[in-house]
Amino acid sequence: MIPAAFDYVAPTSVQEALAVLAQAGDDAKVLGGGQSLLPILRMRLNAPETVIDLGRIDALRGISEDGDALVIGAMTTYAEVLASDLVRDHALVLHKAVATIADPQIRHRGTVGGALVHADPAGDVGAPVLALGGELVIAGSGGERRVAAADFFEDLFTTAVGDDELLVAVRIPKHTGWGAAYEKFVRVAQQWSIVAVAATVRAEGGTITQARIGLTNMGSTPLRATAVEDALVGKGAGDLAAICASAGAGTNPPSDLNGDADYRRHLAGVLTRRAVAAALG
Amino acid sequence: MTAVEDRPATEIGTRRLRKEDQRLITGRTRWTDNITLPGMVHLAMVRSPHAHATITGIDTSAAAQAANVIAVYTAADFPEGLGVCANAWPITPEQVTPDHLPMVGDRVACAGEIVAVVVARSAAEAQDAAELVDVDFEELPAVLDAMEAMKDEVLAHPSKGTNKSAFWQLDSAAAGTGGNVEEAIAAARADGILIERSYRQQRLIPAFMEPRSTVVDPTGEQVTMWTSTQIPHILRFLIAATTGMSESKIRVIAPDVGGGFGGKLQTTPEEFITLAVARRLGKPAKYTETRSESLLSGHHGRDQYQKLTLAATKDGTVTGLKVELVANLGAYIAIVGGGVPVLGAWMFNAIYKFPAYQFNCQTVLTNTTWVDAYRGAGRPEATYAIERLMDELAAEVGVDPLTIREKNWIRHDEFPFTSVAGMTYDSGNYEAATARAKELFGYDELRAEQARRRASGDPVQLGIGVSTFTEMCGLAPSRVLGSLSYGAGGWEHASIRMLPTGKVEVVTGTSPHGQGHETAWSQIVADRLGVPFEDVEVLHGDTQIAYKGLDTYGSRSLVVGAEAVVRAADKIIDKAKVFAAHLLEASADDLEWGAGRFHVKGTDKGVGITEVALATFASHNYPEGVEPGIDADATFDPDTFSFPHGTHLCAMEVDTETGQSRMRSYVCVDDIGHIINPLIVEGQVHGGLVQGIAQALWEDAIFDDNGTLVTGSFVDYTLPSAADTISFVTENTTSPSTTNTLGTKGVGEAGTIASTPAVVNAIVDALRPHGVHDIQMPCTPQRVWRALQSARSTHPGSTDEGSLQ
Ligand SMILES: Cc1cc2nc3c(=O)[nH]c(=O)nc-3n(C[C@H](O)[C@H](O)[C@H](O)COP(=O)(O)OP(=O)(O)OC[C@H]3O[C@@H](n4cnc5c(N)ncnc54)[C@H](O)[C@@H]3O)c2cc1C
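Residues numbered from 1 in each chain as written. Chains lettered and ligands numbered in written order. Predicted model: local features only at pLDDT ≥ 70, side-chain atom pairs only at ≥ 80, totals over all residues. Heavy atoms only, no water.

## Here's the deal with the interface of chain B and chain A
Each side of the interface is counted separately: chain B has 31 residues, and chain A has 23 residues. Surface buried jointly by chain B and chain A totals about 2,200 Å² across both partners, of which 54% is contributed by carbon and sulfur atoms. Area buried by chain B at its contact with chain A is led by Glu657(B), Thr658(B) and Gln782(B), which between them contribute 22% of it. On the surface where chain B and chain A come into contact, there are 6 salt bridges. One salt bridge in this structure joins Asp260(A) and Arg786(B), with 2.6 Å as the shortest N-O distance. The interface formed by chain B and chain A includes 14 residue pairs in polar contact (both at pLDDT 80 or more). Looking at the side of chain B that touches chain A, the elements that each hand over two or more residues are α4 (123-130), α10 (291-297) and α22 (781-793) of chain B. Taken together, the residues of the side of chain B that touches chain A sort by class into 13 nonpolar, 10 polar and 8 charged. (Contact = heavy atoms within 4.5 Å. Buried area = accessible area lost by both parts, 1.4 Å probe. Salt bridge = Lys/Arg side-chain N within 4 Å of Asp/Glu carboxyl O. Polar contact = N/O pair within 3.5 Å; in protein donor to acceptor, adjacent residues only side chain to side chain. Helix = DSSP H or I, 4+ residues; strand = E, 2+ residues; numbered from the N terminus. Nonpolar A, V, L, I, M, F, W, Y, C, P; charged D, E, K, R; others polar.)

## A few points about the sheet that holds strand β11 (residues 179-185) of chain A
Residue and element names in this part refer to chain A. One open sheet accounts for 4 strands, arranged β11-β12-β13-β14; its pairing is antiparallel. Edge positions in the open sheet fall to β11 and β14 (223-224), since each of these has one partner strand only. Of the strand pairs in this sheet, strand β12 (residues 195-204) and strand β13 (residues 207-216) are connected by 9 bridges, and their pairing is antiparallel. The residue of β13 that forms the bridge with glutamate 204 is threonine 207. Contacting β11, β12 and β13, helix α12 (residues 261-280) crosses the sheet at an angle of about 35 degrees to β12. (Pairing = 2+ DSSP bridges. Axes fitted to C-alpha atoms, helices over the stretch in contact; angles between N-to-C directions.)

## With respect to the domain arrangement of chain A
Residues and elements named next belong to chain A. Under the domain assignment used here, chain A contains domain 1 (7-53), domain 2 (59-173) and domain 3 (181-280). Between domain 1 and domain 2, the C-alpha centre-to-centre distance is 19 Å. Every contact between the two is made by 11 residues of domain 1 and, on the other side, 14 residues of domain 2. Summed over both partners, the interface of domain 1 with domain 2 buries about 990 Å², with 75% contributed by carbon and sulfur atoms. Per-residue buried area on domain 1 facing domain 2 is highest for Val14, Leu18 and Gln35; these three make up 44% of the total on that side. The interface formed by domain 1 and domain 2 holds 0 salt bridges in total. Scanning the region where domain 1 abuts domain 2 turns up 0 residue pairs in polar contact (both at pLDDT 80 or more). Class assignment for the residues of the side of domain 1 that touches domain 2 results in 6 nonpolar, 4 polar and 1 charged. (Domains from an automatic or database assignment.)

## Topic: empty space enclosed by the protein
Think of a ball as big as a water molecule: rolled over the atoms, this probe shows where empty space is left. Residues and elements named next belong to chain B. Evaluation of the coordinates by the stated rule reveals 6 cavities of 30 Å³ or more. Each pocket or cavity is described by its volume, and for the largest cavity that value is around 100 Å³. In this structure, the largest cavity is lined by 13 residues; those nearest its centre are Arg212, Thr227, Ser228, Thr268 and Glu271. Residue classes in the lining of the largest cavity are distributed as 1 nonpolar, 8 polar and 4 charged. Its boundaries defined by the atoms lining it, the second largest cavity holds a volume of some 80 Å³. Looking at the second largest cavity, it is lined by 13 residues, and the ones nearest its centre are Leu24, Asp256, Pro512, Gly514 and Glu518. Class assignment of the residues belonging to the lining of the second largest cavity gives a composition of 4 nonpolar, 5 polar and 4 charged. (1 Å grid on protein atoms, 1.4 Å probe; cavity = no way out; pocket = protein on both sides within 12 Å on 5 of 7 lines; lining within 4 Å. Points joined across faces, edges and corners; volume = space filled by probe spheres on them.)

## Here's the deal with the domain arrangement of chain B
A common way to state how big an interface is: give the accessible area lost once the parts meet. Residue and element names in this part refer to chain B. Segmenting chain B into domains produces domain 1 (4-28 + 491-636) and domain 2 (426-474 + 640-805). Distance between the C-alpha centres of domain 1 and domain 2: 40 Å. Each side of the interface is counted separately: domain 1 has 24 residues, and domain 2 has 22 residues. Summed over both partners, the interface of domain 1 with domain 2 buries about 1,700 Å², with 60% contributed by carbon and sulfur atoms. The interface formed by domain 1 and domain 2 holds 1 salt bridge in total. Glutamate 682 is paired through a salt bridge with arginine 15; the nearest N and O atoms lie 2.9 Å apart. Between the two partners, domain 1 and domain 2, sit 8 residue pairs in polar contact (both at pLDDT 80 or more). Of all elements in the fold, only α17 (517-529) and α18 (557-584) reach the threshold of two or more residues within the side of domain 1 that touches domain 2. When the residues that make up the side of domain 1 that touches domain 2 are grouped by side-chain class, the tally is 9 nonpolar, 8 polar and 7 charged.

Have a look at this one:
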């Protein structure tokens, strides 16, 4: 479990990092928290010539408010997200999802940006960011651009971030006062989601006025269950079963050791009902 | 003396913290990989990615030229051979046994087999260069599954002409230990109950914490090998036997070893290769495996198909049991690989009074990683089958699973009891353990809750699983092993040295790798010789220090190894008495022994055993005609096995919407005879339980159709962590063993043997009203959910989904 040899660079600004990236090109890999990249290097599934560590760029860290949005720096760790009142108050479903990731050690290393760019369909950050209508801020030689979460995830392990670009932040519209739940289905505690459902709802007097549902590992990218979201408006706790059962309809989830596609579609329905019920409180 | 007064009255039975734990837990100790020697070189193995292939060429030139590479070797570089990974237990004289060489040059028979080794100045450089070795493989068809192998259509070793390695039978009518099983089955078919089932023991991987590692130092007069093994003595013998090296020129040391679970009961290709490279280069050499290598190339466990026929009368009295196994050995027959399934022969009948019994075992070769002992080795497989069957019988008769067991088990007043398989069970009390377990579990209350949840149609159903197991431990009476063509004896050796300063060195031939022998042996010796616990040092795992021994496996160390320690201690007392009498100017007959001192009866004159030790060190004044020394050693060969037992009760909550099962409570009452250290026993039981539960719920080693191990990392080989377990309730009842002085039985494997069927029985119990009779292990949520779906789509009582039939 020893990675192949590589050069190591630790820039202190985004500009510097972009310059190194431009110079090194395809042969470079950006290092966030390393919780996905290091296993890949150690198992020699990839052997970049240069590793660019973003850990010294303070500008990429931290959680702040910008009007109606929360801005979470790409290098903000899961532990920082979990400790943040801003996230809890305005993006509760993200808090709940991040709380399910791995173990404390990994949560003190792994970053929101790394998780989003890594774009593992079983990762737990994508679905809540998608459900919350997040926007991803990407920096390149030509400056910054913003991409909606719906357009950001392109395929398995593939995002809108180009080889010569960096993800610098994620902007999340505030969902203040929304109820939220993240139902993660696993066989052992330390496991990636077999299926998970991120649900966040706004309700008045037990009636849902708005609902957002993100699905984890139900396709090659995180998905929104928009038909279910629409059907939930105006409904209450007693109506969930029939509406939520179809959350997995039309999806094309993977088949693997933990379950085949049919089973995952079934789980998506059950977990959506449970998540929405829990979010309603 | 005041310190002594604070001591427990006896060390035996005291919850001593383990003296080895600080160094083991902090890792500041001699793990093999921590050893660094001057000029040491590092090895990386080049392994086959294919399950079965001919090697048509190996180009090592690029690797040889890589930075800091010292050498690259293939099998061709060792025309004299590198030794043999020997099979020490051919189960029949006709057994088909393919040669198992450490490195192959012409054909690989499983993925992970070693075809070349790269030697470099650092492990990183060796690994870099290993990627440059270019091996041309021509793939051959591979056979992976044991049932496929039985067809002999694709051959794991074409030159052998068959995949069938050996057939082994025990028949109670032929052996004279019971009736004819076919007659019992015919009678049950005509007018009784016949339970016919097929179960699958999936393949497991013994995931010890410390990966295997070997360091060999060829400088000096003897070659020294440090290796992460359970069996330093057996390894040394087999190195000598298969390489032609003089046994006296080989010293094997198992320093601290981080777990084994049977997985380090092996002589490995990596050990032979590291030895050969070190000797060839004349330099110390180290090889440490990666976790991926460990999962693929350390031996695997279980992997059996079981066909079972249980005959009973209509009231549920058992009349016969027939067992037909097909056991997958993998590509080669590992050290005791063929024998592990055969150990089940004496265990399928378990605690029940079967009048007729037949055990059949067919072993087969496949193009998969070799299979050998894994915690329990043969007994978990047997216990699973019989405990699942007893539940099926209870369901058929329509009574509680405990009722059917009680009806058929050996009563406590029937011990010693000779089983239908011909084994004599030393002692036990199934009634007492069961009564206590029921009480701790709240059995009746949980049954009432189960009924309520069934009646209300709760989507989360409650199931209660029972396992009343026994096992045979204390490997093993040497004559019995001889009668089974096992390649060694089963005795154990110990010696005790009384040092002049009053300290005591205990040398044991057992080779602990996490079990806590240093603590337990110290407690035993402290009591026996009346010396402080802290003054006892336990030495082990070095063939030059513990020159004689047969190592640690099969729950043998306490019942066999510690008995040797006890006997050595008793010899010391006998010898010391002569000196004490001389020093006290009394007759030996007038001396009383107690609390570490000899007293002259009726006087206050006495001398401590440590004073005697000092006096013999000086030897200025000792009796005529006696050797000046009181050290002693002893070799103990047991007459028979010992038979621990226990009642395990498990409550599982099964979510019928998702198929997820969660453990609600687990109670076990194990009877392991007298207990030396309750804390160590709890540790062994808790760890064992988790491993057995893991077979029921989580672990499964899966190869794809090409023979690639899909579960090749801990992402996919779902090993549980502490977060997946609940707090177990463990207690003990005590039926002292009659096979050894201390009345102890083994406990190392009990939890693993007992828990697997308790869990599966609980899940099936939860779902039986839904028409589910079986779920194949591991009981993944998907399997449970599908079993429910298919039971619902037919009608209750008719599903075989999820099972093998
Ligand atoms: C044992 C274990 C269990 C885990 N369990 C879970 C789980 O249950 N759920 C879950 O969601 N995750 C899990 N993870 C993964 C964890 O969440 C990772 O931290 C995450 O996937 C990647 O984040 P990172 O910061 O570690 O990124 P890294 O590993 O450093 O990088 C990942 C990828 O993103 C790229 N990258 C990183 N930052 C940037 C950036 N700012 N701009 C452009 N590219 C970037 C890297 O080049 C790399 O390709 C687990 C990991 C481990 C080791």
